[in-house]
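Each chain, written out:
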Amino acid sequence: MSFPNKNQSIQCDVNSCRHHTNDGMCELDVIKVAPRCNCHTGTCDESECASYHAR
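Just so it is clear, the structure is predicted and the values come from calculations on it, not from any experiment. (Residues numbered from 1 in each chain as written. Predicted model: local features only at pLDDT ≥ 70, side-chain atom pairs only at ≥ 80, totals over all residues. Heavy atoms only, no water.)

(A) Structural detail: the environment of V14. Examined against the element boundaries, V14 turns out to sit in the segment before strand 1 (33-35). Residue V14 is classed as partly exposed on the basis of its relative accessible area, which comes to 38%. Residues contacting V14, with those up to four places away along its chain left out, are H20 and Y52. (Helix = DSSP H or I, 4+ residues; strand = E, 2+ residues; numbered from the N terminus. Buried < 20%, exposed > 50% of the residue type's maximum accessible area, 1.4 Å probe, protein only. Contact = heavy atoms within 4.5 Å.)

(B) Here's a closer look at the side chain of H20. Here H20 lies in the segment before strand 1. The exposure class assigned to H20 is buried, which follows from its relative accessible area of 9%. Each residue touching H20, except ones within four places of it in the same chain, is listed here: C12, D13, V14, N15, M25 and R55.

Shown next as structure tokens:
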């Protein structure tokens with residue numbers, strides 16, 4: 001889904017990710033969020049950033 005008229009941003013605190021910038025932003029245009037394996041807690045830790053790449 002695209003929102004051409006909105007200036008969306010994604011803040012990120014994961015310093016070990018190659019897409020993390022010094023000002024705490026994700027420099028990707030799109031990120032993918034995926035479920036974690038064998039995790040069915042119904043809480044926010046059930047998902048993770050699938051676009052993560054180590055520096």
